[in-house]
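So you can see what is in the structure, the chains are spelled out below.
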Amino acid sequence: MTYGQGSQPNLRKKAVILGASGFIGINLARKLVEEGFELTCFAHKASEHWPTSVRVILGDLVAPPRQLLEAMEGAIVFHLVSSTRPTAKTEVAVAEIATNLMATVGLLETTQDADCRWVFSSSGGTVYGQTDAALISEEHTNLPISSYGTVKLAIERYFSLYRTLHGTDFVVARISNPFGPFQSAAKGQGLIAALFERIGDGAPVEIWGDGKNVRDFVYIDDVTDALTLLGERGRPGEVYNVGSGVGTSVIELVAKISTTLDTPSKVVYAPARGVDVRRNVLDIGKINRELGWRPGHSLDEGIALTHRWRQGQVVCVKFCKMGQPWS
């Protein structure tokens, strides 16, 4: 492996995940422990899916406990905290600014002299806004059309500011649309999780607009590989797209999951939402050139693996209800 533009491998084997009980956090925790990291998981509530070896610190990013600040010293800090999801409603903006932007800036200020490296999980699906580009590179204009994307972009800018003023070591990962095990439709997470649930239950699938909006879907194992690599080898102060580089329309995705489940879908069309961009497919050339990363799973492979995991979850629930052991 060669390191682009003079970057060197980061040899830290200590990590902290902020927002570790979420979908990405659970998968990243399992990945980091597998890679031999000494790991601290920080969240409002503990997850039963974390490896048993992790150190658990519970609390709120707005008022981080002293133990968290101590754990961050000498660590790669993966910032996955996000208390909201994209919506056209601007009434959530104040809460997003307070719980996400202000909390992050407060933590940056508190830890400005700490010896840690940050990996911030930004949103490749929302920070760019509307575009006709076939592939969106990191240099593309940023014109988000939701408060969610605006706050993500503002946090990126504050990381850059703190690097300029205080030498803060950080890398930004602009992730497209991750999917896979532990993603919950009940929490409003991810189109693929929602489609599995709706189609599997025989419920109608509501599509906003004509179903031809194109998105970039990336399997979670590829995301955690990229995040780990960025923590270890990403160039300080740089932004990297993390996606598949392949576009799939919503209606195509419905058909794929319907085929996987061998269940016909019942599609209901609703008016398009102002918060939805027409096309969003990330150019992943930069992370490939500099770090050698590219996704190891196609969309079809990722859907098949997700389906297999969901089947295992159903069997587990049935066995647990019967009082049978499950491993």
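Residues numbered from 1 in each chain as written. Predicted model: local features only at pLDDT ≥ 70, side-chain atom pairs only at ≥ 80, totals over all residues. Heavy atoms only, no water.

### Observations regarding the pairing of strand E10 (residues 239–242)
- Across the two faces of E10 the burial is the same, with Val239 and Asn241 and Tyr240 and Val242 all buried.
- Of the strand pairs in this sheet, strand E6 (residues 169–175) and E10 are connected by four bridges, and their pairing is parallel. Looking at E10, one finds that Ile175 is bridged to Val242. (Buried < 20%, exposed > 50% of the residue type's maximum accessible area, 1.4 Å probe, protein only. Helix = DSSP H or I, 4+ residues; strand = E, 2+ residues; numbered from the N terminus. Pairing = 2+ DSSP bridges.)

### Observations concerning the sheet that holds strand E3 (residues 55–58)
- With respect to topology, seven strands assemble into an open sheet ordered E3-E2-E1-E4-E5-E6-E10, the strand pairing being parallel. Where the open sheet ends on each side, the last strands, each with one partner, are E3 and E10. Between one strand axis and the next, the sheet turns through 20 degrees on average, direction left out of account.
- Each of strand E4 (76–79), strand E5 (117–123), E6 and E10 is contacted by helix H4 (residues 147–166), which is oriented at about 155 degrees to E5, the strand it contacts most.
- Contacts between helix H6 (residues 220–233) and the sheet are confined to E4, E5, E6 and E10, with E5 contributing the most and set at about 145 degrees to the helix. (Axes fitted to C-alpha atoms, helices over the stretch in contact; angles between N-to-C directions. Contact = heavy atoms within 4.5 Å.)

### Regarding the sheet that holds strand E9 (residues 214–219)
- Taken in spatial order, the three strands make up an open sheet running E7-E9-E11, and their pairing is mixed. A single partner strand is all that each edge strand has here, and the edge strands are strand E7 (177–179) and strand E11 (247–249). Across the sheet, the mean angle from the axis of one strand to that of its neighbour is 50 degrees, orientation sign disregarded.
- Looking at chain direction, E9 and E11 are connected through three bridges and run antiparallel. Counterpart to Asp216 in the pairing with E11 is Gly247.

### Some remarks on the side chain of Asp169
- Among the structural elements, Asp169 can be located in strand E6.
- In terms of polar contacts, Asp169 uses its side chain to reach the side chain of Arg117, at 3.1 Å. (Polar contact = N/O pair within 3.5 Å; in protein donor to acceptor, adjacent residues only side chain to side chain.)

### Points about the pattern of salt bridges
- Counted according to the given criterion, the structure contains twelve salt bridges.
- Note that Asp169 is salt-bridged to Arg117, the shortest N-O span being 3.1 Å. Of this pair, Asp169 sits in strand E6 while Arg117 is found in strand E5, placing the two residues 52 residues apart along the sequence. Take Asp169 and Arg117: they sit in the same class, and that class is buried.
- Across the pair Glu238 and Arg235 runs a salt bridge whose closest N-O atoms are separated by 3.6 Å.
- Classification of Arg235 by relative accessible area gives buried; the value is 15%. (Salt bridge = Lys/Arg side-chain N within 4 Å of Asp/Glu carboxyl O.)

### Looking at the nonpolar core
- One finds Ile17, Phe78, Leu227 and Ile287 to be the most contacted residues of the largest nonpolar core, which totals 51 residues.
- Filtering out sequence-adjacent residues up to four positions away, Ile287 remains in contact with Ala226, Leu230, Tyr240, Asn241, Val242, Gly292 and Trp293.
- By size, the runner-up hydrophobic cluster in this structure holds 26 residues, among which are Ile57, Leu107, Trp118 and Val239. (Core = buried A, V, L, I, M, F, W, Y, C linked by side-chain atoms within 4.5 Å.)

### Section: a nonpolar patch on the surface
- On the surface, Tyr158, Leu161 and Leu165 cluster together into a nonpolar patch covering about 280 Å² of accessible area.
- Looking at where Leu161 falls in the secondary structure, it is placed in helix H4.
- Residue Leu161 is classed as partly exposed on the basis of its relative accessible area of 38%. (Patch = residues over 30% accessible without salt bridge, like charges linked within 9 Å, V, L, I, M, F, W, Y side chains within 5 Å. Areas by Shrake-Rupley, 256 points an atom, 1.4 Å probe, with all protein chains shown as cover.)

### Things to note about unusual backbone geometry
- A positive phi angle, near 75 degrees, is found at Phe182, a position not held by glycine.
- By the element assignment, Phe182 lies in the loop between E7 and helix H5 (191–200).
- Since its relative accessible area comes to 15%, Phe182 is described here as buried.
- The phi angle at Asp262 is positive, at roughly 55 degrees, despite the residue not being glycine.
- Tracing the backbone through its elements, the reader meets Asp262 in the loop between helix H7 (250–261) and strand E12 (266–270).

### Some thoughts on the packing of aromatic side chains
- Counting across every chain of the model gives five aromatic pairs.
- Relative to Tyr219, the ring of Phe179 lies with its centre 5.6 Å away and its plane at 65 degrees, an arrangement referred to as edge-to-face. Of this pair, Phe179 sits in strand E7 while Tyr219 sits in strand E9; the two residues are 40 residues apart in sequence, bridging distant segments of the chain.
- You can call Phe179 buried: its relative accessible area is 1%.
- Looking at Tyr219, the relative accessible area reads 5%, which means it is buried.
- Three or more aromatic residues joined by ring pairs form one cluster here, namely Trp118, Phe120, Phe159 and Phe170.
- Positioned above the aromatic ring of Trp208, the side-chain terminus of Arg273 is 3.7 Å from the ring centre.
- Looking at Lys286, its charged tip hangs above the ring of Tyr240, at a distance of 4.9 Å from the centre. (Phe/Tyr/Trp six-rings, centres within 6.5 Å; stacked < 30°, edge-to-face > 60°. Lys NZ or Arg CZ within 6 Å of the ring centre and 35° of its normal.)

Without other data, these values stay purely geometric and don't point to any function.
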